[in-house]
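# Commentary on secondary and tertiary structure
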Amino acid sequence: MEGVTLQEVASAIGGQAIGIVRPETVVSGVAIDSRSVRPGELFWALRGEKHDGHDFANEAIRRGASAAVVQSEQPTHKIPAIPAIAVPDTLRALSEFAGWHRKRQEALIVGVTGSFGKTTTRAMIHAVLSAGFPGTQSPKNYNNHLGVPLSLLEIERRHEFAVLEFGASGIGEIETLSRIAAPEVGVVTGIAPAHLERFGGIENIILAKGELLESLPVGGFAILPGDDPITSGMARRAACPAIFIGEREHNDLRAIDIAIRNGRISFTADGHRYQLHATGRHHVQAALIALAIGREVGMSPADMERGLEIFQSVPGRCVTERIGRWTVIDDTYNANPASMRAACDTLRDWRTAGRKLLVAGDMLELGTEATARHRALGRYAAACGIDRIAVHGIHAGEVIRGCLEQGMSADRLAECQDIDVLLMTLDCWLDDTAVLLVKGSRGMRMERVIEHWKEQARQSNRRAA
């Protein structure tokens, strides 16, 4: 964030200055964690489920914060005797400040939402556009009522674009985020039965994700997967043109001659050949979205090709690693039915003379559809020709039943309720030529499997030394 004065901050959020001797003091950024405050920043005291930022405001000042934004309705002992700006609600004030900051910027705002692939698509768009323009993107997966305002505050006047994720756990959330961010380009990566316990049904997911499209100005544009009737049908909710991407002939930008190699993807679009250092065919869609945006803003195919070449997979999202003797595909960040199918496709397409192993944790928050969705996963995984499948979680049995229904033999399957049993099973299955893909919902903490094999590799190296 470029510097603004304390007086400007107070005016932007309608706050009352308390103990501020020099209102012309310039603050260089906003921090919400007292441990990460840098000198000259503004500490924003937020109340969370476990901690209250007001308890750490004095520490933030000691670390060099110029002042703190505090909640005026806090009990007297919670309001520190430090330079502060008091507001009725610090979280709402953060959104107001981010909206004020956004209006001062000229950067093209690209909003990305969907049930899956948001972070990878956001990173792909950023990589392509960065080959032609200075810009920024959401840090990590900052995509909620707190993350989007913080992402907006990262925009500087030198930036010509910003790619932001928009997440939601209910109807109305993306509409609120869009009012703050005012995106001019909107992307929906796809719709899938994710977080059904919160949304109540896929129809509500479609309504919620479509709020991004409804927020776009007439002069903006939307990018939608045209091969999916659900996402292509959402175009009618936008007042601006919609550009369809995909593999079928009717799309505005189409990928043809797709070649999948281990850790590398190539395809042709608009007569130009592009290459990606990535694992998994689903990356083609993210690349097409990025290319469609690049084309609309006037980038040359050569520049866009260079952008795709520098793309790096986001940690936990289909990252291929060589861990000791094993090839491991780390896709542990999260999972829903659509992304699980993509993981199975990735193993199906992997070229190896060795075994292909899938380690799957539960897909959470599927509500009443959990049983059917996990059994369907088993059927699909078995149909993909995966050699061994180990499943962890309370729905592991349903995945196994689906595999058996598809004709997979029981000796190639393992139902593991305990993580240690899962690790011992893998120890028996793995050999030097095996390829292991690990995936599951965030709450399943499937990264424990990756960490286990990294530790095994470290121990092996120490013994060899």
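Residues numbered from 1 in each chain as written. Predicted model: local features only at pLDDT ≥ 70, side-chain atom pairs only at ≥ 80, totals over all residues. Heavy atoms only, no water.

### Some words on the sheet that holds strand β16 (residues 264–269)
Read from one edge of the open sheet, three strands run β15-β16-β17, paired in antiparallel fashion. Each having just a single partner strand, β15 (256–261) and β17 (272–276) make up the two edges of the open sheet. The mean inter-strand angle of the sheet, taken between neighbouring strand axes irrespective of direction, is 15°. With four bridges joining them, β15 and β16 adopt antiparallel strand pairing. Residue pairing in the sheet places Arg-261 in a bridge with Arg-264 of β16. (Pairing = 2+ DSSP bridges. Helix = DSSP H or I, 4+ residues; strand = E, 2+ residues; numbered from the N terminus. Axes fitted to C-alpha atoms, helices over the stretch in contact; angles between N-to-C directions.)

### Some points on helix α10 (residues 283–296)
Here α10 is 14 residues long and its end C-alpha atoms lie 20 Å apart, about the 20 Å a rise of 1.5 Å per residue gives. Burial runs high along α10: 11 of the 14 residues are buried. For α10, the full list of buried residues reads His-283, Val-284, Ala-286, Ala-287, Leu-288, Ile-289, Ala-290, Leu-291, Ala-292, Ile-293 and Gly-294. Gly-298 lies just past α10 and shows a positive phi near 90°. (Expected span 1.5 Å × (residues − 1). Buried < 20%, exposed > 50% of the residue type's maximum accessible area, 1.4 Å probe, protein only.)

### Some remarks on the sheet that holds strand β2 (residues 16–18)
With mixed pairing, five strands are arranged side by side in an open sheet as β2-β7-β6-β5-β4. Because the sheet does not close on itself, it has two edges, and the strands there are β2 and β4 (30–31). Across four bridges, the pairing between strand β6 (residues 67–71) and strand β7 (residues 84–87) is parallel. Bridging from a neighbouring strand, Val-69 pairs with Ile-85 of β7.

### Examining the nonpolar core
One broad rule of soluble globular proteins: the nonpolar side chains tend to lie buried together. Formed by 79 residues in total, the largest nonpolar core has its most connected members in Val-9, Ile-13, Trp-44, Phe-97, Leu-358 and Ile-389. If you tally residues by element for this core, the top one is helix α13 (residues 370–383), at five residues. Those residues in contact with Trp-44 that sit more than four places away from it in its chain are Val-9, Ile-13, Val-30, Ala-31, Ile-32, Val-69, Thr-90, Ala-93, Leu-94 and Phe-97. The next biggest cluster of nonpolar side chains, apart from the first, holds 41 residues, and it includes Met-124, Val-187, Ala-290 and Leu-291. (Core = buried A, V, L, I, M, F, W, Y, C linked by side-chain atoms within 4.5 Å. Contact = heavy atoms within 4.5 Å.)

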